[in-house]
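What the coordinates show
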Amino acid sequence: MRSAPTILHLDMDAFFASAEQASKPSLRGKAVVVGGLGPRGVVATASYEARVFGVRSAMPMAQARRLAPNAAYLAPRFSLYRSISDRVMALLRALSPLVEPLSLDEAFVDLEAGGVAWDTASARRAGERLREDIRAVTGLTGSVGLAASKMLAKIASEEAKPDGLVLITPGTERELLAPMPVRTLPGVGPATGDHLRRAGITTVGELAGAGVDELVRLVGKAHGQALHAMALAHDERPVVAERETKSVSVEDTYDVDIHDRVRIRMEVQRLADRCVRRLRAGGHSGRTIQLKVRRYDFSTLTRSETLRGPTDDPAVVQEAAARLLEGVDTTGGVRLLGVGVSGLADFTQEDLFAQAAQATQEVRATEEARPAAHTGPAAEEAEAGAAEVAHRSLPGREPAVERPVRRWTAGHDVRHATHGHGWVQGSGLGRVTVRFETPYSPVPGRVRTFAVDDADLEPADPLPLVPEPEPEAEGSEPSASGPPVPEPPERGASERDAAGRELPEPSGPGSSGARPHGARPHGAGPHGPAAHGPAAGGSGPERPAA
């Protein structure tokens, strides 16, 4: 291992939830939960205020709602998270050419390779400067761990949460690790942890003292040897800038089990198309098409088919996925579907395109030769639709124009022709409730309720958390005005939610003040003091938590 703590691990603090709090002044200091909002949704991230109530990532959303009924529950906005992540990763790449991203909000950095750190003091300076730059560029906070190995740097960043920096001095690693629970080590999950506990091993120190032979006997040769090395703080893994992609896949979990075979086929086709778009975005093609089906009883089936050569043609992937689906029994219903491509390459085989075109021509020829009378569910649905249109287009009546029902997702951005930028607080009963505020609003914005089909209301793109300075015209005085903000609520104005209930006036500005680096006061989250007592989207006092 190295003699200096020049491997840095950055982990943004409650990333998705913190981004939502930063972009919505009314939610700062409140409990916020981001994830799937359906009955089978899962928590992606919970703010530190929500974690006080026991809400955690990967928890079923229904359980989270029971634990924190007054929290704000929002659907994720991945376009916003990606834009913030791009800025953070750019800061990391300015430090070193060796940056190993693990996710949108987490990465390893080899500071020594970038020449910005060579000893303990320079590594600490680099870490503190990075935290300052992240706050200035994104308005968010991140926790930094510095150590001589990747494993220890990640452990250090966990100890630094939230909004802190922990540096593990070389030579003190085993002393630091000894009292920690075995679950601290990477690769030790609930099953392995329980197995070791039954053998009387609960801490990393006891794991190191057990000896490699005993660990091999308990958990197997490969895992046992790796655990013993980690318990002794041995980790020689380098920071790898480019990690090879093994496969690309997409999947959806449905709020209600799908029973209709026609709809299942349509969902598989849609997933295949999404998978190919992601495949092409990464500059890949693949040979093996995979289908995943989770049935009503939670049994999961996987099927795969290997083509003659790699492809990124959506028609080819859709055809293969459809063939795989034919061999799966979906009786009883389906709760999850997924399509993936593996055996990746950076080229395609042209004859596969010809194969797809030929198959399409054959299908068209078959349809043209087919008799006019059709039977089956799809034909019945088409006939019923035609009859409905004919009914609505009777002589003397204006032809009906079908307007799609607009869906407004909680937490997503909207813009109103009169009131400006806002976000959806909720919708139902044919109405949608919007709070009009931006990341730059000095106080929580006003709340308005509209019909779901209001022509003045439309979806909008997220605003950056930190406004980008506008170029000044030559010879003009610098402008002191910031981005436009919504007007404060009118005095005496009555505001109502989607159910028609009158809403209380906003209590005041959210707290977003920065605090000294390394300071971790009790009851403070990344965006200021926690709200005390239950409130709309509020929580009790906060405790720092990883």
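All figures in this text were calculated on a predicted structure; none of them were measured in a lab.

**Remarks on the overall build of the chain**
Scanning the chain from N- to C-terminus turns up 15 helices and 19 strands. Restricting to contacts in the chain with at least 6 residues of sequence separation, those with at least 24 account for 64%. Surface accessibility of the chain: about 27700 Å² in total, with carbon and sulfur atoms responsible for 53%.

**Brief notes about the packing of helix α1 (residues 15-23) against helix α4 (residues 78-95)**
Close contact between α1 and α4 brings their axes to 11 Å; oriented N to C, the two are set at 100°. Of the possible angle classes, the one that applies to α1 and α4 is roughly perpendicular. Touching Phe15, Phe16, Ala19 and Glu20 of α1 are Phe78, Leu80, Tyr81, Ile84 and Ser85, all from α4. Considered class by class, the residues forming the contact of α1 with α4 number seven nonpolar, one polar and one charged.

**Quick look at the pattern of salt bridges**
Applying the stated rule across the entire model yields 24 salt bridges. Note that Arg2 is salt-bridged to Asp110, the shortest N-O span being 2.6 Å. Of this pair, Arg2 sits in the segment before β1 (7-12) while Asp110 sits in strand β6 (residues 106-110); the two residues are 108 residues apart in sequence, bridging distant segments of the chain. Residue Arg2 is classed as partly exposed on the basis of its relative accessible area, which comes to 27%. The exposure class assigned to Asp110 is buried, which follows from its relative accessible area of 6%. Residues participating in the shared-partner salt-bridge network are Asp252, Arg263, Glu267, Arg270 and Arg274.

**Remarks on the confidence of the model for the chain**
Reading predicted coordinates in detail is not appropriate for stretches of low pLDDT. Averaged over the chain, the pLDDT score is 80; the fraction of residues at 70 or greater is 75%. Counted against residues more than four places away or in other chains, residues 351-356, with its pLDDT under 50, gives 14 contacts.

**What to know about the sheet that holds strand β4 (residues 72-74)**
Read across the sheet, three strands follow the order β3-β2-β4 without closing on themselves; strand pairing throughout is mixed. The sheet is open, and its two edges are formed by β3 (43-46) and β4, each paired on a single side. Ignoring strand direction, the axes of neighbouring strands in this sheet form an average angle of 25°. Judged from the three bridges that link them, strand β2 (residues 32-35) and β3 form a sheet pairing that is antiparallel. Residue pairing for β3: Val33 is matched across the bridge by Ala46.

**So, the layout of surface pockets**
Size it by volume and the second largest pocket reaches roughly 910 Å³. Along the wall of the second largest pocket there are 27 residues; nearest its centre are Pro101, Ser103, Leu104, Arg243 and Thr245. When contributions to the lining of the second largest pocket are tallied by element, the ones reaching two or more residues are α4, β5 (99-103), β9 (247-258) and α12 (261-281). With six residues, α4 is the largest single contributor of residues to the lining of the second largest pocket.

**Let's talk about the pairing of β5**
Of the pairings in the sheet, the one linking β5 to β6 comprises four bridges and is antiparallel in character. Bridged to Ser103 within β6 is Glu106. Here β5 folds back onto β6 in antiparallel fashion, the turn holding two residues.

**Side note on empty space enclosed by the protein**
Empty space among the atoms can be located by rolling a probe the size of a water molecule over them. By the definition in use, this model includes three cavities of 30 Å³ or more. Roughly 60 Å³ of volume is contained in the largest cavity. Lining the largest cavity we find Ser23, Lys24, Arg77, Asp413, His421, Gly422, Trp423, Glu437, Thr438, Pro439 and Leu463. Looking at the lining of the largest cavity residue by residue, the classes come out as three nonpolar, four polar and four charged.

**Let's talk about α1**
Counting buried residues in α1 gives nine out of nine residues, a clear majority hidden from the surface. Where α1 is buried, its residues touch β1, β2, β3, α2 (48-51), β4 and α4.

**So, the environment of Ala117**
Here Ala117 lies in the loop between β6 and α5 (120-138). For the pair Ala117 and Gly127, spaced ten residues apart in the sequence, the C-alpha separation amounts to 9.5 Å. Residues within four places of Ala117 in sequence aside, it is in contact with Thr6, Leu111, Glu112, Ser122 and Ala123.

**Digging into the sheet that holds β5**
Pairing within the open sheet is mixed, and its five strands lie in the order β5-β6-β1-β7-β8. The open sheet has two edge strands, β5 and β8 (165-167), and neither has a second partner. For this sheet, the mean angle separating the axes of adjacent strands, direction not counted, is 15°. Examined bridge by bridge, strand β7 (residues 142-147) and β8 share three bridges and lie parallel to one another. Its bridge partner lying in β8, Gly145 is registered against Val166. In this fold α5 packs onto β1, β7 and β8, with an angle of close to 165° to the strand it touches most, β8.

**A closer look at the packing of α12 against helix α13 (residues 314-326)**
For the pair α12 and α13, interaxial distance at closest approach is 9 Å and the crossing angle is 140°. As judged from the angle between their axes, α12 and α13 are oblique. Relative to α13, the crossing made by α12 is right-handed. Two secondary-structure elements touch here, α12 through Arg261, Ile264, Arg265, Val268, Gln269, Ala272, Asp273, Val276 and Arg280 and α13 through Pro314, Val317, Gln318, Ala321, Ala322, Leu325 and Glu326. Here the contact of α12 with α13 is built from residues that sort into nine nonpolar, two polar and five charged.

**Here we look at the side chain of Glu173**
Its location among the elements puts Glu173 in helix α7 (residues 173-177). Nearest to the buried, unbridged Glu173 among oppositely charged side chains is Arg174, at 8.3 Å. In this view, Glu173 contacts Met1, Ala148, Leu152, Ile168 and Ala233; residues no more than four positions away in its chain are not counted.

**Description of the packing of aromatic side chains**
Scanning the entire structure with this criterion turns up six aromatic pairs. With centroids separated by 5.8 Å and ring planes inclined at 50°, the aromatic side chains of Phe15 and Phe16 adopt a geometry described as tilted. Taken individually, Phe15 and Phe16 each receive the classification buried, so the pair is uniform in this respect. With a centroid separation of 5.9 Å and 85° between ring planes, the pair formed by Phe436 and Phe450 is classed as edge-to-face. Of this pair, Phe436 sits in strand β15 (residues 431-436) while Phe450 sits in strand β16 (residues 446-451), and the two are 14 residues apart along the sequence. Under the relative-accessibility criterion, Phe436 is labelled buried at 1%. Site record: aromatic cluster; members linked through ring pairs are Phe15, Phe16, Phe78 and Tyr81. The side chain of Arg51 reaches across the aromatic face of Tyr48, ending 4.6 Å from its centre.

Parameters at a glance
Residues numbered from 1 in each chain as written. Predicted model: local features only at pLDDT ≥ 70, side-chain atom pairs only at ≥ 80, totals over all residues. Heavy atoms only, no water. Helix = DSSP H or I, 4+ residues; strand = E, 2+ residues; numbered from the N terminus. Contact = heavy atoms within 4.5 Å. Areas by Shrake-Rupley, 256 points an atom, 1.4 Å probe, with all protein chains shown as cover. Axes fitted to C-alpha atoms, helices over the stretch in contact; angles between N-to-C directions. Parallel < 35°, antiparallel > 145°, perpendicular 65-115°, else oblique. Nonpolar A, V, L, I, M, F, W, Y, C, P; charged D, E, K, R; others polar. Salt bridge = Lys/Arg side-chain N within 4 Å of Asp/Glu carboxyl O. Buried < 20%, exposed > 50% of the residue type's maximum accessible area, 1.4 Å probe, protein only. pLDDT = per-residue confidence, 0-100. Pairing = 2+ DSSP bridges. 1 Å grid on protein atoms, 1.4 Å probe; cavity = no way out; pocket = protein on both sides within 12 Å on 5 of 7 lines; lining within 4 Å. Points joined across faces, edges and corners; volume = space filled by probe spheres on them. Left-handed = near helix turned anticlockwise from the far one by under 90°. Lys, Arg positive; Asp, Glu negative; His and termini not counted. Phe/Tyr/Trp six-rings, centres within 6.5 Å; stacked < 30°, edge-to-face > 60°. Lys NZ or Arg CZ within 6 Å of the ring centre and 35° of its normal.

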